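What follows is the residue order along each chain.
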Amino acid sequence: MINKFSFIFLFLFFSCNSQERDKISLNINNSVEYNLSSKYEFKKIISTLKEFVNTKNTIFKNNPNWVKYNDKFFSYPFLDIINIEYVNGKIEYKPTLLSITKTNDENTYIVKLGWFKVNKEEEEISLRFIYNLLAIKDNNGVFLLKNILEFNTKKWSIIEIGDIKFYINPEHKFDENNALKFNSINEELSHFFEIDKIKFTYFLCNTNFMLMKALGYDFEETMYFSNQNGSITYPNDNLIFSGNKSEINKHELVHLYTYKKFKNKHKIIDEGIATFLGGSKGLSYEDHLFKLKKHIEFNSINLHDELFKNNYVLDEDTSLMYTLGAFLCDLTIKKGGKKLLFELLDSGNTNEDLINNIKRIFNIKDNDINRFLINELNNYDFKEHKWNINR
């Protein structure tokens, strides 16, 4: 799961520092072909693109190179490509225009951009993304850019069930019973988190590859993972993109509620409560936890260090962050119910905040969270694990 809007604060930070002095050049690949009839318009599109790549990291709203007030879905319609040139505050990837293709609308073109890193010493080229935008000519003959999602989904079916608007990929056979169940789950989560029901839009895809294509990607590494169960949430706009081939994605819906309810949450606990209540990657919380319990029987790892300092994964389905985050939520509920869980969810967004609150909640005096987690995991009784969301 990816929560897109949470990244915007990092973008704002970097924009106030390095981006103002960094000029980003747009490379033009020789695959961009233009003949006598298209040469003039292609040059205007390229001019707009050159301006855009140098303003997108600092002007998120009302960018002069973007179609104004005309996005059906997003508050930040090019959020996905803000700051993607940067790694650890330095420009590593540079944008390249790969192609410009005319659509059936004579005033609309599809623009394909790639972000590449070239290591001349090792003679290696690394690709980060290939991403598509629309270039649209306005009444004054000026080309402006637009997010491609609406264009890509114009032939998708739209069905509204309760508070959910489903956009359904033509390859998917819609299951109304599942949609009704998901609407009921929305009511349950509203009750659990003690806030009003959320109306949201749900893009239903059969695979993560299909999901990313709808968003405009031709290449993003997760598109080619063997496990194609993926999803992305834009909580600021109440959007869920699900590649799980189902009308139900409880994990992502939990993120919409935690975004509204808790303003001071840590990512580990945010992913943890979503996994605890809704599973992850097609597996239940108990499945992930059992895998972790078996994993530490044969692998000596420091759970504290790997959780807070590294991005430890067991395999393509199970990560330490999601699993231990869910485990901490589980232990917290058993110790103090929902009230204590809400304290944990709203207890701070830094590692120091979370560590201090774990020590406080579980009375860990020897500073050894690793030992605490291993002991609790070894003593966990999977047969007795029962918890009702409505209590």
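Our structure's up above, just so we're on the same page.
Some remarks on the overall build of the chain
Piece 1. Each helix and strand counted, the chain has 12 helices and 14 strands in total.
Piece 2. Taking the principal axes of its C-alpha atoms as reference, the chain extends roughly 75 × 55 × 35 Å.
Piece 3. Taking all 391 residues of the chain together, the buried fraction comes to 53%.
Piece 4. By sequence separation, contacts in the chain at least 24 residues apart represent 65% of the contacts at least 6 residues apart.
Piece 5. Surface summary for the chain: the accessible area is close to 19300 Å², and the carbon and sulfur share equals 47%.
Piece 6. Side chains of the chain give 51 positive and 52 negative charges; the mean places of these two sets differ by 3 Å.

Some remarks on the side chain of T222
Piece 1. Along the polypeptide, T222 turns up in the loop between β12 (217-219) and β13 (231-234).
Piece 2. Side chain to side chain, T222 and N208 meet in a polar contact 3.0 Å long.
Piece 3. Reaching out from T222, the side chain makes a polar contact with the side chain of E220 at a distance of 2.4 Å.
Piece 4. For T222, the contacting residues outside a window of four places in its chain are N208, M212 and Q228.

A word on the packing of helix α10 (residues 320-345) against helix α12 (residues 369-378)
Piece 1. Remark: α10 packs on α12, axes separated minimally by 12 Å, with the N-to-C direction vectors making an angle of 75 degrees. In terms of orientation, α10 and α12 fall into the roughly perpendicular class. Of the residues in α12, those touching α10 at L324, F327, L328 and L331 are F372, L373, E376 and L377.
Piece 2. Across the contact of α10 with α12, the residue classes tally to seven nonpolar, no polar and one charged.

Some remarks on the pairing of strand β8 (residues 143-146)
Piece 1. Of the two faces of β8, the one holding F143 and L145 and the one holding L144 and K146 are both buried throughout.
Piece 2. Looking at chain direction, strand β7 (residues 124-137) and β8 are connected through four bridges and run antiparallel. Its bridge partner being in β8, L134 is matched across the sheet by K146.
Piece 3. The hairpin formed by β7 and β8 contains five residues between the paired strands, and G141 there has a positive phi angle of roughly 80 degrees.

Digging into the environment of Y109
Piece 1. Secondary-structure assignment places Y109 in strand β6 (residues 108-119).
Piece 2. Reaching out from Y109, the side chain makes a polar contact with the side chain of E41 at a distance of 2.5 Å.

Description of the pairing of strand β10 (residues 164-168)
Piece 1. The element β10 is largely enclosed, with a buried count of four among its five residues.
Piece 2. Here five bridges tie strand β9 (residues 157-161) to β10, and the two strands are oriented antiparallel to one another. For I161, the partnering residue across the bridge sits in β10 and is I164.
Piece 3. What sits between the antiparallel neighbours β9 and β10 is a turn of two residues, in which G162 has the positive phi angle 60 degrees.
Piece 4. As judged from the five bridges shared by β10 and strand β11 (residues 200-204), these two strands associate in the parallel manner. Residue pairing across strands places Y167 opposite F203, the latter belonging to β11.

Some details on α10
Piece 1. When the terminal C-alpha atoms of α10 are compared, their 18 Å separation across 26 residues is substantially less than the 38 Å that a helix rising 1.5 Å per residue should span.
Piece 2. Where α10 bends most, at G336, the angle is about 130 degrees.
Piece 3. Burial analysis of α10 places 20 of its 26 residues in the buried class, the great majority of the element.

Notes on helix α2 (residues 39-53)
At 3.6 residues per turn, the α-helix brings residues three or four places apart onto the same side.
Piece 1. The end-to-end C-alpha separation of α2 is 21 Å, in line with the 21 Å expected for 15 residues at 1.5 Å each.
Piece 2. Of the surrounding elements, those touching the buried residues of α2 are β2 (27-28), β5 (94-102), β6, β7 and β8.

Looking at unusual backbone geometry
Piece 1. Phi is positive for N83, close to 65 degrees, though the residue is something other than glycine.
Piece 2. Tracing the backbone shows N83 in the loop between α2 and β3 (86-87).
Piece 3. Residue N83 is classed as buried on the basis of its relative accessible area, which comes to 6%.
Piece 4. Phi is positive for N88, close to 55 degrees, though the residue is something other than glycine.
Piece 5. Summarising the element assignment, N88 is placed in the loop between β3 and β4 (90-91).
Piece 6. A relative accessible area of 77% means that N88 is categorised as exposed.

Criteria and cut-off values
Residues numbered from 1 in each chain as written. Predicted model: local features only at pLDDT ≥ 70, side-chain atom pairs only at ≥ 80, totals over all residues. Heavy atoms only, no water. Helix = DSSP H or I, 4+ residues; strand = E, 2+ residues; numbered from the N terminus. Buried < 20%, exposed > 50% of the residue type's maximum accessible area, 1.4 Å probe, protein only. Contact = heavy atoms within 4.5 Å. Areas by Shrake-Rupley, 256 points an atom, 1.4 Å probe, with all protein chains shown as cover. Lys, Arg positive; Asp, Glu negative; His and termini not counted. Charge placed at Lys NZ, Arg CZ, Asp CG, Glu CD. Polar contact = N/O pair within 3.5 Å; in protein donor to acceptor, adjacent residues only side chain to side chain. Axes fitted to C-alpha atoms, helices over the stretch in contact; angles between N-to-C directions. Parallel < 35°, antiparallel > 145°, perpendicular 65-115°, else oblique. Nonpolar A, V, L, I, M, F, W, Y, C, P; charged D, E, K, R; others polar. Pairing = 2+ DSSP bridges. Expected span 1.5 Å × (residues − 1). Bend = angle between axes of the 7 residues up to and from the residue.

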